[in-house]
Amino acid sequence: MRRFDPEKYYAPGDAEMRLIATRGTLAVWRCEGRGPQYTKFGNRVFYLGRDLNAWLDARVVEPRATGEHRPAA
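Notes on the structure in this doc start here. None of the values given here were measured: they were computed from a predicted structure. (Residues numbered from 1 in each chain as written. Predicted model: local features only at pLDDT ≥ 70, side-chain atom pairs only at ≥ 80, totals over all residues. Heavy atoms only, no water.)

Details of the pattern of salt bridges
Worth spelling out the cut-off: A pair is scored as a salt bridge if a Lys or Arg side-chain nitrogen falls within 4 Å of a carboxyl oxygen belonging to Asp or Glu. Secondary structure counts use DSSP, requiring at least four H or I residues in a row for a helix and at least two E residues in a row for a strand, with both numbered from the N terminus. Note on classification: 1.4 Å probe, protein chains only; a residue is buried when its accessible area is under 20% of the maximum for its type, exposed when over 50%, partly exposed between these limits.
One pass over the structure, following the stated rule, counts four salt bridges. Across the pair Glu7 and Arg50 runs a salt bridge whose closest N-O atoms are separated by 2.5 Å. Placement of Glu7 in the segment before β1 (9-10) and of Arg50 in helix α2 (residues 49-57) is noted, with a sequence separation of 43 residues between them. A residue is classified by how much of its surface remains accessible, and Glu7, at 56% relative accessible area, is exposed. Using a relative accessible area of 40% as the deciding quantity, one classes Arg50 as partly exposed. Arg34 is the salt-bridge partner of Glu32, the closest N and O atoms lying 2.8 Å from each other. When its relative accessible area of 46% is taken as the criterion, Arg34 is described as partly exposed.

Right, here's the structure in full:
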């Protein structure tokens, strides 16, 4: 998967940001104190690529091995 350039700032409306969420979802997350870390320049919001990569890395889910099954209740 293509990663974010760690030194580049991304605006919520940039096409690359669709990998994370829609512009509206990002706005809701900011209001709720959730989502990736962001920076404000005046009234504009930007996301640094290294912060986006770290946020994505923190959401990696390791699937269980295929041979492991939970017993039926």
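From this point on, the discussion continues.
As for the sheet that holds strand β2 (residues 39-41)
Just so we agree on the cut-off: For two strands to pair, DSSP has to find at least two bridges joining them.
Across the sheet, which stays open at both edges, the three strands sit in the order β1-β3-β2 with antiparallel pairing between neighbours. Whereas interior strands pair on both sides, the edge strands pair on one side only; in this sheet they are β1 and β2. The pairing of β2 with strand β3 (residues 44-48) spans three bridges and is classified as antiparallel. Its bridge partner being in β3, Thr39 is matched across the sheet by Phe46.

Quick look at the side chain of Asn53
The cut-off we apply is this: As used in this structure description, the phrase polar contact means that two N or O atoms lie within 3.5 Å; if the pair is within protein, one of them must be able to donate a hydrogen and the other to accept it, and residues adjacent in sequence are counted only when both atoms belong to side chains. Only heavy atoms enter the contact rule, under which two residues are in contact if any of them lie within 4.5 Å.
Structurally, Asn53 is set in helix α2. When its relative accessible area of 11% is taken as the criterion, Asn53 is described as buried. Of note is the side chain of Asn53, whose polar atom sits 2.9 Å from the backbone oxygen of Phe4. Discounting chain neighbours no more than four positions away, the residues touching Asn53 are Arg3 and Phe4.

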